[in-house]
Structures are given as C-alpha cells and as structure tokens.
Amino acid sequence: MSRSAGGDCLYIATAVGQAERDSEMAERIAEHKARRGERWQTIEEPLDLAGVLRREARAERPILVDCLTLWLSNLMAGERDIDAEIDTLVSALYEAGTGPKLAGPVVFVSNEVGHGIVPMHPLARDFRDHAGRLHQAVAAVADSVVLMVAGIPMTVKAP
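The model shown is predicted, which means the values in this text are computed figures rather than measured ones.

Caption draft 1: Up close: the environment of Leu 53. Counting through the fold element by element, Leu 53 comes out in helix H3 (residues 49–56). Here the alpha-carbon distance between Leu 53 and Val 65, two residues 12 residues apart in the chain, equals 9.3 Å. If we skip the residues at most four places from it in the chain, Leu 53 touches Ile 12, Ile 63, Val 65, Leu 89, Leu 93, Leu 102, Val 106 and Phe 108.

Caption draft 2: Spotlight on the side chain of Gln 41. You can see Gln 41 is positioned in strand E3 (residues 40–44). Engagement of the side chain of Gln 41 in a polar contact is seen with the side chain of Arg 61, the distance being 2.9 Å.

Caption draft 3: Geometry of the pattern of salt bridges. If you walk through the whole model with that rule in mind, you get eight salt bridges. Linking Arg 39 and Asp 8 is a salt bridge whose minimum nitrogen-to-oxygen distance equals 3.2 Å. One end of the pair, Arg 39, is in the loop between helix H2 (23–36) and E3; the other, Asp 8, is in the loop between strand E1 (2–4) and strand E2 (9–13), and 31 residues separate them in sequence. Relative accessible area serves as the criterion here: at 39%, Asp 8 is assigned to the partly exposed category. A salt bridge links Arg 28 to Glu 24, with the nearest nitrogen and oxygen atoms 2.4 Å apart. With Arg 28 and Glu 24 both in helix H2 and four residues apart, the pair spans about one turn of that helix.

Caption draft 4: Structural detail: the packing of H3 against helix H5 (residues 82–93). For the pair H3 and H5, the least separation of the axes is 8 Å and the interaxial angle reads 15 degrees. With respect to H5, the axis of H3 lies roughly parallel. For the element pair H3 and H5, the recorded crossing hand is left-handed. For the pair formed by H3 and H5, the contact residues are Leu 49, Ala 50, Leu 53 and Arg 54 on the first element and Thr 88, Leu 89, Ser 91, Ala 92 and Leu 93 on the second. When the residues that make up the contact of H3 with H5 are grouped by side-chain class, the tally is six nonpolar, two polar and one charged.

Parameters and conventions
Residues numbered from 1 in each chain as written. Predicted model: local features only at pLDDT ≥ 70, side-chain atom pairs only at ≥ 80, totals over all residues. Heavy atoms only, no water. Helix = DSSP H or I, 4+ residues; strand = E, 2+ residues; numbered from the N terminus. Contact = heavy atoms within 4.5 Å. Polar contact = N/O pair within 3.5 Å; in protein donor to acceptor, adjacent residues only side chain to side chain. Salt bridge = Lys/Arg side-chain N within 4 Å of Asp/Glu carboxyl O. Buried < 20%, exposed > 50% of the residue type's maximum accessible area, 1.4 Å probe, protein only. Axes fitted to C-alpha atoms, helices over the stretch in contact; angles between N-to-C directions. Parallel < 35°, antiparallel > 145°, perpendicular 65-115°, else oblique. Left-handed = near helix turned anticlockwise from the far one by under 90°. Nonpolar A, V, L, I, M, F, W, Y, C, P; charged D, E, K, R; others polar.

Here it is as structure tokens:
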C-alpha cells in the first residue's frame, strides 16, 4: 500500500502498478492527482479494498474509490476468489439488520461493461459477469446509485 500526504478527503486508487507499464496511464494518474489538489490524501491499494476502508473510514472524511472495475481486474490477475472478495467488501460496507458499517461517506467509481454484446473471449466474459455481480452486490447495500451517461447523471437508486 502506497500513501501520499493530503488533507481531509481520501482517494483510494486501485490502479496500482499500471503507471509503470503504461505511459498514457501515468499521464492520466498525474492529471487526476493535480485535479484533486491538496485536500486529498491518496492511498494506492490494488487488492485489500475492504481492509483500507475499515481502517481509514472516519465520519468527517469522505472517501472516493477509483475504481471497482480496476480492483476486479487486479483480483482476477492475482487469481483471487472473486466471490469471496466481493463478499468481504460488502460485509465491510454493510451488516444485515444493522445497516452501514463505515463511519463516513464512500463513493465508488466503476465502469458499466454489461451494456454491449457478449464478448467472444472467455476471460472477457468472466470479467463482465464478475463486474455485474460486483455492481449488484455493492448497489444492494448502497444508499444511492448514479449511472453517468454522456456526462449526465441518471439516478438508478435514490437515497
């Protein structure tokens, strides 16, 4: 896990390691960091998303996780048990009968990959299917869900 100093907001980056292999991704990451500014502390965590959320959530500090689909890619590349990892994340967020478990607000960014045709490659199909289950599980415990289409927010689930 890598950290950078910052202020009263937390950015959890799951795109760890991509910058070293991809100069275009390195540029994107630099732009994102510059746009966020001094208020944001950054933690880079490719796998243990639930652990970081449990450790770092505070009532006074919003958390932005960018992004769930990169996290999923990392899990798949690491040959992790995807269903178990999703369950661990959801259990960090919410407890049945009790409600939300984290002290402060968390916003997840993700990519919707299920609106296109069924991919021809088995790995791509697995990714799409896992992403669908991940999104459904997180959306089920989220207070709200917003789908962005052409820069326009579409409320899927209202608070």
